[in-house]
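Descriptive structure summary
What follows is the residue order along each chain.
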Amino acid sequence: QQKTAELNYLRSQINPHFIYNTLELIRGIATDYDTPQIGQLTVSMGKILRYSIKGEPIVPLQQEIDITLAYLHIQQARFPNRFTILTNFQPDTTQIPVLKMLLQPLVENAIFHGLEPKEGNGIIFLNSTLTGKFLKITIRDNGVGISEKKLSRIQYSLASPIYDTSQNIGLVNTNARIRLQYGSEYGISLESTEGDGTCVTLQLPSGKQTKKQTKNQD
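This section reports on the structure supplied with the text. Along each chain, numbering runs from 1 in the same order as the chain's sequence is written. This being a predicted model, a pLDDT of at least 70 is required before a residue's local features are given, and a value of 80 or more before pairs of side-chain atoms are given or counted; all residues contribute to the totals for chains, interfaces and linings. Excluded from the side-chain calculations are hydrogens and water; all other atoms, namely the structure's heavy atoms, are used.

A sheet is described by the order of its strands in space; here 5 strands give the open sequence S2-S4-S5-S7-S6, paired in mixed fashion. Taken across any chain shown, the strands that pair with only one partner, and hence form the sheet edges, are strand S2 (83-89) and strand S6 (187-192). For this sheet, the mean inter-axis angle between neighbouring strands, taken without regard to orientation, is 15°. Relative to strand S5 (residues 134-141), strand S4 (residues 122-131) runs antiparallel, the two being bridged by 8 bridges. Residue pairing for S5: Ser-128 is matched across the bridge by Ile-137. The strands touched by helix H4 (residues 61-78) are S2, S4 and S5; relative to S2, the strand with the most contacts, the crossing angle is about 170°. The sheet strands contacting helix H5 (residues 103-115) are S2, S4, S5, S6 and strand S7 (198-205), and the helix crosses S5 at an angle near 25°. DSSP calls a pair of strands paired once it identifies at least 2 bridges connecting them. Only DSSP runs of H or I with at least four residues qualify as helices, and only runs of E with at least two residues qualify as strands; both kinds are numbered from the N terminus onward. Lines fitted to the C-alpha atoms define the axes, with helices restricted to the stretch that makes contact. Angles between their N-to-C directions range from 0 to 180 degrees. The contact criterion used throughout is that any non-hydrogen atoms of two residues lie within 4.5 Å.

Any carboxyl oxygen of Asp or Glu within 4 Å of a side-chain nitrogen of Lys or Arg constitutes a salt bridge here. As enumerated under the stated definition, the model contains 2 salt bridges in all. Measuring nitrogen to oxygen at the nearest pair gives 3.0 Å for the salt bridge that ties Glu-185 to Lys-133. With Glu-185 in the loop between helix H7 (169-182) and S6 and Lys-133 in the loop between S4 and S5, the pair connects residues that are 52 residues apart, well separated along the chain. Assessed through its relative accessible area of 48%, Lys-133 is described here as partly exposed. Under the scheme applied here, a residue whose accessible area is under 20% of the maximum for its type counts as buried, over 50% as exposed, and between as partly exposed, the area being computed with a 1.4 Å probe on protein chains only.

This part takes up the nonpolar core. Core analysis: the largest hydrophobic core is formed by 45 residues, its most contacted members being Ile-124, Ile-139, Leu-202 and Leu-204. Other than its neighbours up to four places away in sequence, Ile-139 contacts Leu-103, Leu-106, Val-107, Ala-110, Ile-124, Phe-125, Leu-126, Thr-198, Cys-199, Val-200 and Leu-202. Put simply, buried Ala, Val, Leu, Ile, Met, Phe, Trp, Tyr and Cys residues joined by side-chain atoms within 4.5 Å make one nonpolar core.

Turning our eyes to something else, we now look at the pairing of S4. The side chains of a regular strand alternate between both faces of the sheet. In the sheet, S2 pairs with S4 via 7 bridges, with the strands oriented parallel. What sits directly across from Ile-85, in S4, is Ile-124. Hairpin connection from S4 to S5: 2 residues lie between these consecutive antiparallel strands, with Gly-132 at a positive phi of about 60°.

Structure follows, in structure tokens:
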């Protein structure tokens, strides 16, 4: 309750309409001066802001995909010609309900910890599959990878029933959200080899809402 109150307070300090209007102003100036990239960036940023602030906490996977791609396009503009985006989302997965803002923190980790320190061009690959009762989403990069010692520490945090989000916030916090919403059989697994990239896998329910999920939403 305290965290919710603090988050609501912080949100109230910035009028989102002011941000949207400012982004629209920038987009208009970009159009006037024939700089379409700036206009596209403001549209992507506005989309992410609206998505994160408004709407339901549970959304179709397709919405998560769209927002994550908008984020990735902003990062491609920031790091031009540094990484390529590849996707393979199975059509039968895109309307499955998932928690909002699951993918973006993990993609951000992949860019800043995996691809940004890498020499040369990188690749980030996103895909989703149905495996029995599970929806599996993977985020794979060919970045610098994680050392064996650090990987063991992160995997221990992911497996722990006590959620310490003081480090590796994107991974541990997202894992905690999944487990609290759906139960302990769901969550994040991590595989990595130093110098050879990282793969993050999310395991989520593939069908209708579980009893635990419905109860938590109530």
